[in-house]
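The residues making up each chain are set out below.
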Amino acid sequence: MMQHHRGVFFGEVQKALAAALHDAGQTDREIADAIPTSVNNIIWWRKEEALIEHRPVGEADEYSEPLKREPAVQQKRTAEPAVFAPPITDARAISVSDAQIAFVAPVRPEGDNALEIGTCMDAKVFIDLEELLTTRLLIQGNSGSGKSHLLRKLLEESTGVVQQIIVDPEADFVSFGETFGYTVVDAAKFKPAKLASVARKARELRGSIVLTLEGMPIDDQLRAVAAFLNGLFDAPPEHWHPAIVAVDEAHLFAPNGDNGEEKEARKEGQQAMANLMSRGRKRGLAGVIATQRLSKLHKNVAAEASNFLLGRTFLDIDIARAVDLLGMSRADGEQVRNLNRGDFLGLGPAIARRPMKVTVGAVMTVGKAGGSKGLTPLPSTSAADMTSMMLADDDVDQPATPALRVI
Ligand SMILES: Nc1ncnc2c1ncn2[C@@H]1O[C@H](COP(=O)(O)OP(=O)(O)O)[C@@H](O)[C@H]1O
Ligand SMILES: [Mg+2]
């Protein structure tokens with residue numbers, strides 16, 4: 001047998017290392033080799049710590065030694081008659097495959113907590129509302145992948161159960177005003193300071209609200225959303241009731257890098273969104289945000305969500321960000337290229353412990369576009385009529401238009 005020179009020093013550092021190796025199931029010999037020290041040191045240390053000896057696989061019991069383990073905690077004797085509880089074997093009786101199924105299984109919330117968002121292989125898929133409120137959600141998918149539809153589904157499912165605050169850049173959710181009686185606020189009509197006070201009021205009154213920003217210049221949108229979110233954030237502690245804060249197209253309000261916005265406005269937006277996602281929880285604010293492109297969304301904002309719903313995504317850079325955030329394998333990440341509209345990979349404590357493909361279900365309300373209506377047929381106007389109509393005089397005083405060439 002080969003002789004190794006082994007140092008015999010065995011101090012605290014070596015003990016810590018030995019404990020880790022022992023936990024990993026290594027034998028005395030293996031531990032001694034790894035440190036390195038003598039096997040005697042390991043045996044001596046192990047006995048002192050009352051740890052069992054791990055044996056090489058298949059080795060007979062000839063080295064068995066009586067182990068002195070810590071005596072079990074003495075039960076207090078009481079005058080009451082002993083109650084014979086069934087032996088606690090249930091936890092161990094579960095088979096390995098059952099344990100695995102239980103581990104990967106999607107959440108099974110009940111009652112108001114169960115937000116049914118769609119199906120996975122014909123089985124219903126839920127989001128656990130209570131969990132969602134503390135762990136937040138990030139939705140990513142290219143334009144047309146079904147993000148707004150998914151947000152709508154989630155909000156419809158939880159309406160009346162929890163306060164909803166919706167930041168709506170495309171006026172997709174104004175129909176919630178009519179259908180559910182939400183207050184719809186057109187941000188263009190108010191100064192940022194007023195929007196902040198509206199937000200504080202919404203917290204106090206626990207009223208659901210849609211802040212719509214359609215048609216506003218981006219810098220004004222940024223300022224409006226920052227003021228509104230800060231208003232939510234600054235509400236006094238007695239108004240910190242749970243609320244979902246849904247932000248569609250979140251990269252608009254927390255852009256990653258410079259897209260030509262005014263610098264101050266961009267910073268305000270980034271800060272307000274980062275606050276919502278990181279420090280909102282204590283205040284009862286649960287960020288649920290959707291974005292077309294993860295790479296366009298500020299990192300601090302994306303990093304704070306623990307739940308993800310990942311829709312169809314084509315660009316490598318966005319897939320790479322998603323893979324990074326979710327800790328998925330690159331191969332799993334590639335799947336998102338092949339997702340259909342309305343299909344999302346869901347992962348997180350409020351959804352499932354392993355990526356699960358969800359087909360989002362139908363919604364009750366309609367978006368601004370009135371649902372999918374396909375292509376509108378083109379008019380059958382003749383080329384000559386079209387030309388004369390396009391060039392017809394109108395009342396607007398305009399410089400002479402160059403003649404349009406019909407091709
Ligand atoms: N799960 C779905 N079932 C049926 N229609 C859907 C579904 N998801 C999306 N759609 C439709 O597809 C279109 C694009 O969806 P939308 O949610 O607006 O995409 P995004 O917000 O990602 O750009 C809409 O007309 C929407 O109604
Ligand atoms: Mg959308």
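From a predicted model like this one, the values you see are computed outputs, not experimental measurements. (Residues numbered from 1 in each chain as written. Chains lettered and ligands numbered in written order. Predicted model: local features only at pLDDT ≥ 70, side-chain atom pairs only at ≥ 80, totals over all residues.)

### Considering the overall build of the protein chain
Next up, step 1: On a plain count of helices and strands, the protein chain comes out with 15 helices and 11 strands.
Next up, step 2: Across the 407 residues in the protein chain, those meeting the buried criterion constitute 36%.
Next up, step 3: Considering only contacts in the protein chain between residues 6 or more positions apart, those separated by 24 or more positions represent 75%. (Helix = DSSP H or I, 4+ residues; strand = E, 2+ residues; numbered from the N terminus. Buried ≥ 20, exposed ≤ 12 C-beta atoms within 10 Å, placed from the backbone. Contact = placed C-beta atoms within 7 Å.)

### Brief notes about the pairing of strand β5 (residues 183-186)
Next up, step 1: Relative to strand β6 (residues 209-212), β5 runs parallel, the two being bridged by four bridges. In the strand pairing of β6, T183 is matched with I209.
Next up, step 2: As for the winding sense of the linkage, the β-α-β connection from β5 through helix α9 (residues 192-205) to β6 is right-handed. (Pairing = 2+ DSSP bridges. Right-handed = clockwise from strand over helix to strand, strands pointing away.)

### Digging into the environment of E156
Next up, step 1: Counting through the fold element by element, E156 comes out in helix α7 (residues 147-158).
Next up, step 2: Classification of E156 by C-beta neighbours within 10 Å gives buried; the count is 20.
Next up, step 3: On a C-alpha basis, the gap between E156 and T365 in space is 8.1 Å, while along the polypeptide they are 209 residues apart.
Next up, step 4: Those residues in contact with E156, other than ones at most four positions away along the chain, are V363, M364 and T365.

### Structural notes on the nonpolar core
Next up, step 1: The biggest cluster of nonpolar side chains holds 81 residues, and the ones touching the most others in it are F228, V245, A250 and M273.
Next up, step 2: Broken down by element, the residue count for this core peaks at eight residues, all from helix α10 (residues 218-233).
Next up, step 3: Beyond its immediate sequence surroundings of up to four residues, M273 is in contact with L229, A250, F253, A254, H298 and V301.
Next up, step 4: L21, I31, A32 and I42 belong to the second-largest nonpolar core, a separate cluster that totals six residues. (Core = buried A, V, L, I, M, F, W, Y, C linked by C-beta atoms within 7 Å.)

### Structural notes on the sheet that holds strand β8 (residues 285-291)
Next up, step 1: Taking strand neighbours across the sheet as the criterion, the 11 strands line up as β2-β1-β11-β10-β9-β3-β8-β7-β4-β6-β5 in an open arrangement whose pairing is mixed. Strand pairing shows two members of the sheet lacking a second neighbour, β2 (123-128) and β5, which therefore form its edges. Mean inter-strand twist for the sheet, computed between neighbouring axes without regard to direction, equals 25°.
Next up, step 2: Bridging between strand β1 (residues 114-120) and β2 involves six bridges; their strand directions are antiparallel. Counted as the bridge partner of A114 is D128 from β2. (Axes fitted to C-alpha atoms, helices over the stretch in contact; angles between N-to-C directions.)

### Here's the deal with the packing of α9 against α10
Next up, step 1: Taken N-terminus to C-terminus, the directions of α9 and α10 make an angle of 35°; their axes are 7 Å apart at the nearest point. In this structure, α9 crosses over α10, and the sense of that crossing is right-handed. The segment α9 lies against α10, with P192, A193, L195, A196, S197, V198, A199, R200 and R203 engaging R223, A224, A227, F228, N230, G231 and L232.
Next up, step 2: Classifying every residue of the contact of α9 with α10 gives 10 nonpolar, three polar and three charged. (Left-handed = near helix turned anticlockwise from the far one by under 90°. Nonpolar A, V, L, I, M, F, W, Y, C, P; charged D, E, K, R; others polar.)

### Topic: the confidence of the model for the protein chain
Next up, step 1: Looking at the protein chain as a whole, the pLDDT averages 84, with 81% of positions reaching at least 70.
Next up, step 2: Here residues 1-5 is modelled with pLDDT under 50, and outside its nearest four sequence neighbours on either side it reaches one contact, counting other chains as well. (pLDDT = per-residue confidence, 0-100.)

### Considering unusual backbone geometry
Next up, step 1: For the peptide bond that leads from I35 to P36, omega is -10°, which places it in the cis range.
Next up, step 2: Along the chain, the position of P36 falls in the loop between α2 (28-34) and α3 (39-48).
Next up, step 3: Phi at M121 is positive, roughly 50°, even though this residue is not glycine.
Next up, step 4: Assignment of secondary structure puts M121 in the loop between β1 and β2.
Next up, step 5: Here A171, not a glycine, exhibits a phi torsion of approximately 55°, which is positive.
Next up, step 6: With respect to the helices and strands, the residue A171 is situated in the loop between β4 (163-168) and α8 (175-180).
Next up, step 7: Given 16 C-beta atoms within a 10 Å radius, A171 is considered partly exposed.

### Things to note about helix α13 (residues 316-326)
Residues spaced three or four apart along an α-helix point in a common direction, a consequence of the helix completing one turn every 3.6 residues.
Next up, step 1: Inspection of α13 places D318, I319, R321 and A322 among the buried residues, and these make up the whole buried set. The buried residues of α13 occupy an angular sector of 160° when the element is viewed end-on, so they sit on one face. Among the exposed residues of α13, those oriented more than 90 degrees off its buried face are D316 and I317.
Next up, step 2: In this structure, the buried side of α13 is in contact with β3 (137-140), β9 (307-310) and α14 (330-334).
Next up, step 3: Following α13 by one or two positions, G327 has its phi on the positive side, about 65°. (Arc of directions from axis to C-beta.)

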